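# Summary of the model geometry
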Amino acid sequence: MLKTLRDAGHFFDRRIGWSRLGVALSLTIIIVAVVVLYRILRNIDLDSLIDAIEATDWRTLIIAGIFVTAGYVTLTFYDLFALRTIGRTEIPYRVAAVAGFTSYAIGHNVGASVFSGGAVRYRIYSAWGLSVIEVTKICFIAGLTFWLGNATVLGLGVLHAPQAARAIDQLPLWCNRLLALIVLAMLGAYVAWVWVKPRVIGRDGWQVTLPGGPLTLLQIAIGIVDLGCCAAAMYMLVPDEPNLGFVTVAVIFVAATLLGFASHAPGGLGVFDAAMMVALWQFDKEDLLAGLLLFRLLYYIIPFVISLVILGIRELLLGRATRGARDKLDVVR
């Protein structure tokens, strides 16, 4: 069966190409999102939207900001975990924290986070002697943590609240529950697979030893905390009435985030927002849009500005250190 699937994959790649399919899907998602968002927002009352933003309680913003901060702190452990997985235990947490925070903050806003975030990581880790291959491995392990966390949150969330998923995929409740069970079964099978013995994927210098069973559970826990904090921030910013419950909002939030990620649009702009507006139709449009705009401010814009400041200061310090070393060398000569 595995050989058949592999052969089918090679045939599809030769005739059509996985990259072409990915581009086509991304463009389709973006086009549909733009059309849907236009239809939703064309009747928005701008004055009501501004009033809704101004009416947001400062305590709500502060609590949402705390959850966003906790989420970004959790993201730094993606890199720390990946560094320990590939055996680079000498890299201190402060370096992993800077690399993790800046790479995700920039990747979230620029788009194509695999490349933009990877470039930021390489700029930081190369100063500590890490090669391109090692940085690629870090990106892979961090991405694996992200997807394991998403699979767990969506699987458990949809199983508990299938109506939340139906708001996006329009599938019957039993179908969403079945899909949730399939995702959880695949997740359990993966954990069992890596628990039995060390698993190595890749070839030659690109080989990566996957985390074992206990470490995979730690990976899942990191992903859950990250997504939970982000969902909690969003939950604080959506209107109070009607009260849909945290799990429902969290499932919709994670699903909308994944759609935005799949579109490769910077920050999932338009795609994430359209999915949230469609799925949370019960809320007043102006109030919900105000919450989404404030979430973008807290989760995307502010961290992006901070990351640029951090990288700018780092480059100035590195440049000063390089000039100092060059001046000393000239004196010796």
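Details of the structure are given in the entry above.
Predicted, not measured: the structure shown is a model, and the values here were computed from it.

Cut-offs applied
- Residues numbered from 1 in each chain as written.
- Predicted model: local features only at pLDDT ≥ 70, side-chain atom pairs only at ≥ 80, totals over all residues.
- Heavy atoms only, no water.
- Helix = DSSP H or I, 4+ residues; strand = E, 2+ residues; numbered from the N terminus.
- Buried < 20%, exposed > 50% of the residue type's maximum accessible area, 1.4 Å probe, protein only.
- Contact = heavy atoms within 4.5 Å.
- Areas by Shrake-Rupley, 256 points an atom, 1.4 Å probe, with all protein chains shown as cover.
- Axes fitted to C-alpha atoms, helices over the stretch in contact; angles between N-to-C directions.
- Parallel < 35°, antiparallel > 145°, perpendicular 65-115°, else oblique.
- Left-handed = near helix turned anticlockwise from the far one by under 90°.
- Nonpolar A, V, L, I, M, F, W, Y, C, P; charged D, E, K, R; others polar.
- Salt bridge = Lys/Arg side-chain N within 4 Å of Asp/Glu carboxyl O.
- Phe/Tyr/Trp six-rings, centres within 6.5 Å; stacked < 30°, edge-to-face > 60°.

### Thoughts on the overall build of the protein
In terms of regular secondary structure, the protein is built from 13 helices and 2 strands. Within the protein, buried positions represent 43% of all 333 residues. Within the protein, residue pairs in contact and separated by at least 24 positions form 70% of the contacts whose partners lie at least 6 positions apart. Only carbon and sulfur atoms are counted for the fraction: they give 69% of the accessible area of the protein, which is about 18,200 Å².

### Some thoughts on the packing of helix H7 (residues 132–160) against helix H9 (residues 173–196)
It is the contact of H7 with H9, at a shortest axis distance of 8 Å, that shows an interaxial angle of 140°. Compared by their axis directions, H7 and H9 come out oblique. Classified by chirality, the crossing of H9 by H7 is left-handed. Contacts between H7 and H9 involve Leu144, Leu148, Ala151, Thr152, Gly155, Leu156, Val158 and Leu159 from the former and Asn176, Arg177, Ala180, Leu181, Val183, Leu184, Leu187 and Tyr190 from the latter. Of the residues contributing to the contact of H7 with H9, the split by class is 12 nonpolar, 3 polar and 1 charged.

### Quick look at the pattern of salt bridges
Counting across every chain of the model gives 7 salt bridges. One salt bridge in this structure joins glutamate 315 and arginine 123, with 2.7 Å as the shortest N-O distance. Within this pair, whereas glutamate 315 is found in helix H13 (residues 285–332), its partner arginine 123 is found in helix H6 (residues 113–125), the two being separated by 192 residues in sequence. Residue classification places arginine 123 among the partly exposed positions, given a relative accessible area of 45%. Where arginine 296 meets aspartate 273, a salt bridge forms, and the shortest distance between an N and an O atom there is 2.9 Å. Separated by 23 residues along the polypeptide, arginine 296 in helix H13 and aspartate 273 in helix H12 (residues 271–279) bring together distant segments of the chain. Comparing arginine 296 with aspartate 273 shows no difference in burial state: the two are buried. Here the salt bridges do not stand alone but share partners, grouping Arg88, Glu90 and Glu134 into one network.

### Some remarks on the environment of valine 238
Here valine 238 shows up in the loop between helix H10 (213–237) and helix H11 (246–263). On the basis of relative accessibility, which here comes to 4%, the residue valine 238 falls in the buried class. Sequence-wise, valine 238 and glycine 291 are 53 residues apart; in three dimensions their C-alpha atoms are separated by 5.3 Å. Apart from the residues lying within four places of it in its own chain, the contact partners of valine 238 are Leu280, Phe283 and Leu288.

### Some remarks on the environment of proline 172
Mapped onto the elements, proline 172 comes out in the loop between helix H8 (162–169) and H9. For the pair proline 172 and proline 162, spaced 10 residues apart in the sequence, the C-alpha separation amounts to 8.5 Å.

### Focus: the packing of aromatic side chains
Within the structure shown, the criterion is met by 13 aromatic pairs. When the ring of tyrosine 72 is compared with that of phenylalanine 101, the centres are 5.4 Å apart and the planes differ by 70°; the resulting orientation is edge-to-face. On the criterion of sequence distance, the pair formed by tyrosine 72 in helix H4 (residues 58–85) and phenylalanine 101 in helix H5 (residues 93–110) is long-range, its members being 29 residues apart. Residue tyrosine 72 is classed as buried on the basis of its relative accessible area of 5%. A residue is classified by how much of its surface remains accessible, and phenylalanine 101, at 14% relative accessible area, is buried.

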